[in-house]
Amino acid sequence: MYTINNFTNNDDIKTLDFKGAFTVIEYQRDLSVSPSYAATAYYCNQMNVRKRQVVVDVAKSNVTVQAGAMQWTVGNVNATTGVKGVGDLFGKALRGSVTGESAIKPEYTGNGTLVLEPTYKHILLVDVADWNGSIVLDDGLFLACESTLQHKTVMRSNFSSAVAGGEGLFNLGIQGKGILCLESECPAEELIEIKLENDVLKVDGNMAIAWSGSLDFTVERSGKSLIGSAASGEGLVNVYRGTGKVLLAPVRAGIA
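In this report, the structure presented in the accompanying data block is examined. Computed from a predicted structure; not experimentally measured.

**Thoughts on the overall build of the protein chain**
Assigned secondary structure in the protein chain consists of four helices and 18 strands. Taken across its 256 residues, the protein chain has 41% of its residues classed as buried.

**Examining the sheet that holds strand β3 (residues 52-57)**
Taken in spatial order, the five strands of this open sheet run β1-β2-β3-β8-β5, and their pairing is antiparallel. The outermost strands of the open sheet, each flanked by one partner alone, are β1 (13-19) and β5 (70-74). Adjacent strand axes in the sheet meet at a mean angle of 20°, parallel and antiparallel pairs treated alike.

**Observations concerning the nonpolar core**
Inside soluble globular proteins, nonpolar side chains tend to come together where they are buried. Within the largest apolar cluster, 20 residues are counted, with the highest numbers of intra-cluster contacts made by Ile135, Leu137, Ile174, Leu180 and Ile209. For this core, the elements supplying multiple residues, two or more each, are β9 (122-127), β10 (134-137), β11 (142-146), β13 (170-175), β14 (179-184) and β16 (208-212). Contacts of Ile135, omitting those with residues within four sequence positions, involve Val126, Val128, Leu172, Gly173, Ile174, Leu180, Ala210, Trp211 and Gly213. Ranked by size, the runner-up nonpolar core spans 19 residues in total, among them Phe22, Val56, Val77 and Leu114.

**Notes on the sheet that holds strand β4 (residues 63-65)**
Across the sheet, which stays open at both edges, the six strands sit in the order β6-β7-β4-β11-β14-β9 with antiparallel pairing between neighbours. Only two strands of the sheet have a single partner each, and these edge strands are β6 (77-80) and β9. Adjacent strand axes in the sheet meet at a mean angle of 25°, parallel and antiparallel pairs treated alike. Bridge count for β4 against β11 is three bridges, and the pairing is antiparallel. Note on β11: the bridge partner recorded for Thr64 is Cys145.

**A word on unusual backbone geometry**
You will see that Asn6, though not glycine, has its phi angle at about 60°, which is positive. Looking at where Asn6 falls in the secondary structure, it is placed in the segment before β1. One non-glycine residue, Asn132, lies in the positive phi region at around 55°. Relative to the helices and strands, Asn132 resides in the loop between β9 and β10. Among the residues examined, Asn132 registers a relative accessible area of 73% and is labelled exposed.

**Examining the side chain of Thr64**
Residue position: Thr64 is located in strand β4. Within the structure, Thr64 has its side chain in polar contact with the side chain of Ser147 (distance 3.0 Å). Not counting residues up to four positions away in its chain, the partners in contact with Thr64 are Lys105, Pro106, Glu107, Phe142, Leu143, Ala144, Cys145 and Ser147.

**Structural notes on the pattern of salt bridges**
All told, the structure shown has seven salt bridges when counted by the stated rule. For the salt bridge of Asp17 with Lys19, the shortest nitrogen-to-oxygen distance reads 3.5 Å. Residue Asp17 is classed as partly exposed on the basis of its relative accessible area, which comes to 26%. With its nearest N and O atoms 2.6 Å apart, the salt bridge here joins Glu220 to Arg241. Highlighted residues: Glu220 in strand β17 (residues 216-221) and Arg241 in strand β18 (residues 236-248), separated in sequence by 21 residues. Judged by its relative accessible area of 31%, Arg241 is partly exposed.

**Some words on the pairing of strand β7 (residues 107-110)**
Relative to β7, β4 runs antiparallel, the two sharing two bridges. Counterpart to Val63 in the pairing with β7 is Tyr108. One ladder, built from four bridges, connects β6 with β7; its direction is antiparallel. Its bridge partner lying in β7, Thr80 is registered against Glu107.

**Quick notes on a nonpolar patch on the surface**
Judged by side-chain polarity, Tyr37, Met47, Val49 and Tyr120 come together as a nonpolar surface patch covering roughly 410 Å² of accessible area. Along the chain, Tyr120 turns up in the loop between β8 (113-116) and β9. Taking the relative accessible area as the measure of exposure, Tyr120 reaches 44% and is therefore partly exposed.

Reading the values: rules and limits
Think of each chain on its own: its residues are numbered from 1, step by step along the sequence as written. Thresholds applied to this predicted model are a pLDDT of at least 70 for local features of residues and 80 or more for the giving and counting of side-chain atom pairs; totals over whole chains, interfaces and linings are not thresholded and use all residues. Excluded from the side-chain calculation are hydrogens and water; included are all heavy atoms of the structure. Strands here mean DSSP runs of E at least two residues long; helices mean DSSP runs of H or I at least four residues long; both are numbered from the N terminus. For each residue, the accessible area found with a 1.4 Å probe, counting protein chains only, is set against the maximum for its type, and the residue is called buried under 20%, exposed over 50%, and partly exposed in between. Two strands make a pair as long as DSSP finds a minimum of two bridges between them. Axis definition: a line fit to C-alpha positions, over the contact stretch in the case of helices; interaxial angles, taken between N-to-C directions, run 0 to 180 degrees. The set of buried Ala, Val, Leu, Ile, Met, Phe, Trp, Tyr and Cys residues whose side-chain atoms join them within 4.5 Å is what this entry labels a nonpolar core. Working rule for contacts: check all heavy atoms of both residues, and any pair within 4.5 Å makes them a contact. Contacts described as polar in this section are N or O atom pairs within 3.5 Å, which, within protein, must combine one atom able to donate a hydrogen with one able to accept it, while residues neighboring in sequence count only if both atoms come from side chains. Think of a salt bridge as a Lys or Arg side-chain nitrogen and an Asp or Glu carboxyl oxygen that are within 4 Å of each other. Two distance rules govern patches: like charges are joined within 9 Å, and nonpolar side chains (Val, Leu, Ile, Met, Phe, Trp, Tyr) within 5 Å, applied only to residues with over 30% relative accessible area and no salt bridge. Computed with a 1.4 Å probe, the accessible areas rest on the Shrake-Rupley method; for each residue, only the protein chains presented here act as cover.

Shown next, in the form of structure tokens:
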């Protein structure tokens, strides 16, 4: 039996979202600042630069978390490697080596509370069922998910154009039923959702942060010929074909 006081019930903390086992909280003000940092903290707050955290009720679901993301736990919470044998270990190591994700993501079980490290990024809670049970992520977005979801490696359709476009050849795919927790540079309010029905989306740069696993993703010349691509000034573009959804950030990561 345990009780947590002055945390989520603190008047300085706001609950932003909750789905499944996950609750996203936001610190409305940074009260632990020195006088020399006070002005920066004030303007950060005015521009919505605030610390956010994910709180997990492990009793609702076992969860898989990005390595190093746990801050503290209370109650009967146990951490395992989530590895189910030599073959599973080899598959996870291979997937981690090509996607840039941690090879081993700890799985937490039990019936207590798990709190993840605070971040200034925006936290997105995604029900994979809303993506017809399969979603592909841009690098670095995965934070946590319910362990009912399976991870897989998704390869680009064409090798040469992916290399030429400066994009990775592999992405992390998530499939099944459950809630997925992502870290995004942009808040959900700014993300553009595009639904395709046997259609094509072309994007100049890596502005797509997630897309349906049903879509065919390639990197191609923007024009039908080298001359046409040169004339348009765009060169290579990311292309998404088929039926599904794409989430686009309004600007590329790191660009104001």
